[in-house]
Amino acid sequence: MAAESYLIHSNAMVVGMGGFSGQDPAPTVTTLAQWVQDGKLRFVLAGTGRDRRGPAGSGGGRGLSAQRTQWVQQHCTQVNPAAYGGATATPSPFSGPADRGEILYDCLPSQ
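The paragraphs below set out a description of the structure included in this document. Keep in mind the model is a prediction, meaning the values are calculated, not measured. (Residues numbered from 1 in each chain as written. Predicted model: local features only at pLDDT ≥ 70, side-chain atom pairs only at ≥ 80, totals over all residues. Heavy atoms only, no water.)

### Notes on the overall build of the chain
For step 1, the next point in the chain: Along the chain, the regular secondary structure elements total 3 helices and 3 strands.
For step 2, the next point in the chain: Starting at the N terminus, the α and β elements of the chain follow one another as α-α-β-α-β-β.
For step 3, the next point in the chain: By the burial criterion, 25% of the 111 residues in the chain qualify as buried.
For step 4, the next point in the chain: The long-range fraction of contacts in the chain, counting pairs at least 24 apart against all pairs at least 6 apart in sequence, stands at 72%.
For step 5, the next point in the chain: Surface accessibility of the chain: about 7500 Å² in total, with carbon and sulfur atoms responsible for 55%. (Helix = DSSP H or I, 4+ residues; strand = E, 2+ residues; numbered from the N terminus. Buried < 20%, exposed > 50% of the residue type's maximum accessible area, 1.4 Å probe, protein only. Contact = heavy atoms within 4.5 Å. Areas by Shrake-Rupley, 256 points an atom, 1.4 Å probe, with all protein chains shown as cover.)

Structure follows, in structure tokens:
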């Protein structure tokens, strides 16, 4: 559901990583790396891992989600939210377990 508003309100190609529940193994980390290398992937909007299902990487397909997120964090650059009118990347210490923060990453390969 997180990708829904981007799909509806954009002409850009949008991929909902992990499918509807986040447990689909597609795309793999290898696929992400190939898309970046081929110039097919520029930005990734990743959750902070704070949602109703618990921390990223806990149980079920969440391990796959954690692998993708870790790859993005290691190979892409976090975009300052002020650059696009987004919210701060760090969740408030007063956030509840249902809060879902998102961080935008730029995956443009360095030249």
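Back to the text.
### A look at the environment of valine 44
For step 1, the next point in the chain: In this structure, valine 44 sits in strand S1 (residues 43-47).
For step 2, the next point in the chain: On the basis of relative accessible area, valine 44 is assigned to the buried category, the value being 4%.
For step 3, the next point in the chain: Once the C-alpha coordinates of valine 44 and glycine 16 are considered, the two residues, 28 residues apart in sequence, prove to be 9.9 Å apart.

### A few points about the sheet that holds strand S3 (residues 102-106)
For step 1, the next point in the chain: Pairing within the open sheet is antiparallel, and its 3 strands lie in the order S1-S3-S2. In the strand order of this sheet, the two ends are held by S1 and strand S2 (77-78), each with one partner.
For step 2, the next point in the chain: Strand direction decides the pairing type here: S1 and S3, joined by 5 bridges, are antiparallel. Its bridge partner lying in S3, leucine 45 is registered against leucine 104. (Pairing = 2+ DSSP bridges.)

So far we have only geometry, and geometry alone does not tell us how the molecule works.
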